[in-house]
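What follows is each chain in one-letter form.
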Amino acid sequence: MKHFIYLDTDIVASIIAQAEKGYITQQTIEKGNETTRAKDKTGSASVEASGSGGFWKFLQAEAKASLVGELHDGSTTQSSTKELKEKILHDAAFDIAYDYIKPFNVEYGSQDSDEEGNYLELKRVFDFVDFDYFEGLFQADGVIDLIKKSSAEQLEEKADQLTSNYNREQLRKAGNKIKSELKKAIVSNNKQYDDVHAIIKAFRGLIPYTRMLMSQDGYLIPLDDKYFRIDPSNLGFKYGGEMTCVGIVTNIIGESTDPGDSSNIFATMQFTANEALRKILPTTEGDLCVIHPIAVFYGQ
């Protein structure tokens with residue numbers, strides 16, 4: 001069984017529509033004027049759609065289960081009603097689309113199938129990156145400020161321990177040097193966090209997405225909040241371990257994409273930005289493979 005964290009229903013619909021030359025988007029259940037007597041049980045259903053193939057059979061089964069049953073306790077006259085039910089794409093539709101695209105199953109460290117337009121299946125322990133969450137850590141009086149303060153207090157405590165056996169004269173002679181070294185240590189400690197904040201800001205300028213998945217072997221998977229099945233704000237805390245991503249390769253970022261002496265300033269700028277991204281991201285591969293995700297899930 002699959003537990004979906006992310007599912008792009010628009011792409012699923014597109015795959016099925018192209019494969020089956022049509023796609024069901026809604027089911028209509030209609031009921032006309034009718035008079036019922038006590039204890040009469042009525043039901044009706046009609047499906048307005050066209051198409052054939054796997055998803056059509058799936059919807060027919062759904063329609064059988066959608067017959068409307070009503071039990072009336074007395075003689076009543078019911079006016080015309082029409083209930084329009086939108087059928088939301090769910091997990092079964094993904095399985096049907098999956099059978100059509102037949103993605104390449106990519107083992108860790110193998111990039112033989114990395115080509116624009118290919119569908120891939122990646123089973124990995126991904127790193128989840130949430131830029132909003134990380135930015136929140138660096139806000140004034142936030143977690144990072146608290147860590148900096150705690151670290152400074154620990155350094156001051158160590159300095160006090162080192163000088164605890166000094167007499168007044170020794171403290172007077174060594175005082176300025178100790179204060180200077182302590183200040184340098186605090187600045188150096190704070191700098192590591194400031195550098196991380198600078199990297200996060202650079203990421204936000206290079207990647208126009210708030211959230212993404214990343215693998216150590218060079219796969220970059222931007223995520224659109226619209227298609228999350230769970231609250232994405234707590235994904236980094238609540239979810240981890242090995243997941244499966246099915247998606248399509250939309251870009252390869254690598255040295256081979258160098259525009260060379262191209263006079264196109266925009267191509268040169270894009271290559272420069274991509275190179276910066278390639279150097280920042282911690283991967284074991286020289287190239288970055290950008291994946292447009294269709295689904296991210298646990299299980300089989």
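Since we're looking at a predicted model, the values are computed, not measured.

Trainee: Is there a simple way to think about the packing of helix H1 (residues 9-20) against helix H3 (residues 91-101) in this case?
Mentor: Taken N-terminus to C-terminus, the directions of H1 and H3 make an angle of 55°; their axes are 9 Å apart at the nearest point. Taken as axis vectors, H1 and H3 run oblique relative to one another. Pair H1 / H3 crosses with left-handed handedness. Seen from H1, the contacting residues are Val12, Ile15, Ile16, Ala19 and Glu20; seen from H3, they are Ala93, Phe94, Ile96, Ala97, Tyr100 and Ile101.

Trainee: Please explain the packing of helix H5 (residues 143-162) against helix H6 (residues 168-206) as it appears in this structure.
Mentor: Packed helix pairs are characterised by how far apart their axes lie and by the angle those axes make with each other. It is the contact of H5 with H6, at a shortest axis distance of 10 Å, that shows an interaxial angle of 155°. Considering the angle they form, H5 stands roughly antiparallel to H6. Judged by the sense of rotation from one axis to the other, the crossing of H5 with H6 is right-handed. Side by side, H5 and H6 meet where Ile144, Ile147, Lys148, Ser151, Ala152, Leu155, Glu156 and Ala159 of the first sit next to Ile178, Leu182, Ala185, Ile186, Asn189, Asn190, Tyr193 and Asp194 of the second.

Trainee: Teacher, can you tell me more about H6 here?
Mentor: Residues separated by three or four positions in an α-helix point in the same direction, a consequence of the helix having 3.6 residues per turn. In this model H6 runs 56 Å from its N-terminal to its C-terminal C-alpha over 39 residues, within 8% of the 57 Å that 1.5 Å per residue would give. Taken as a whole, H6 carries its principal kink of about 50° at alanine 174. Along H6, the residues classified as buried are Gly175, Leu182, Ile186, Asn189, Asn190, Tyr193, His197, Ile200 and Phe203.

Trainee: Help me understand the pattern of salt bridges, please; the structure alone is not making it clear to me.
Mentor: Side chains that differ in charge, positive against negative, can pair when their charged atoms come close. If you walk through the whole model with that rule in mind, you get seven salt bridges. A salt bridge links aspartate 10 to lysine 226; the nearest nitrogen and oxygen atoms lie 3.5 Å apart. Here aspartate 10, found in helix H1, pairs with lysine 226, found in the loop between strand E12 (219-223) and helix H7 (235-238); they are 216 residues apart in sequence, far enough to count as distant. A residue is classified by how much of its surface remains accessible, and aspartate 10, at 41% relative accessible area, is partly exposed. Close ionic contact of aspartate 225 with arginine 211 constitutes a salt bridge, the shortest N to O distance being 2.7 Å. Note that aspartate 225 is positioned in the loop between E12 and H7 and arginine 211 in strand E11 (residues 211-214), a separation of 14 residues in sequence. Because the salt bridges share partners, they merge into one network encompassing Asp130, Arg211 and Asp225.

Trainee: Teacher, can you tell me more about the packing of aromatic side chains here?
Mentor: The relation between two aromatic rings is expressed through the spacing of the ring centres and the mutual angle of the planes. Counted by the stated rule, this structure contains eight aromatic pairs. Taken together, a centroid distance of 5.3 Å and an interplanar angle of 80° make the contact between phenylalanine 4 and phenylalanine 94 edge-to-face. Taken together, the residues span a long stretch of sequence, with phenylalanine 4 in strand E1 (residues 2-7) and phenylalanine 94 in helix H3 at a distance of 90 residues. A network of ring pairs unites the aromatic residues Phe4, Phe94, Tyr98 and Phe297 as a single cluster.

Cut-off values and rules
Residues numbered from 1 in each chain as written. Predicted model: local features only at pLDDT ≥ 70, side-chain atom pairs only at ≥ 80, totals over all residues. Heavy atoms only, no water. Axes fitted to C-alpha atoms, helices over the stretch in contact; angles between N-to-C directions. Helix = DSSP H or I, 4+ residues; strand = E, 2+ residues; numbered from the N terminus. Parallel < 35°, antiparallel > 145°, perpendicular 65-115°, else oblique. Left-handed = near helix turned anticlockwise from the far one by under 90°. Contact = heavy atoms within 4.5 Å. Expected span 1.5 Å × (residues − 1). Bend = angle between axes of the 7 residues up to and from the residue. Buried < 20%, exposed > 50% of the residue type's maximum accessible area, 1.4 Å probe, protein only. Salt bridge = Lys/Arg side-chain N within 4 Å of Asp/Glu carboxyl O. Phe/Tyr/Trp six-rings, centres within 6.5 Å; stacked < 30°, edge-to-face > 60°.

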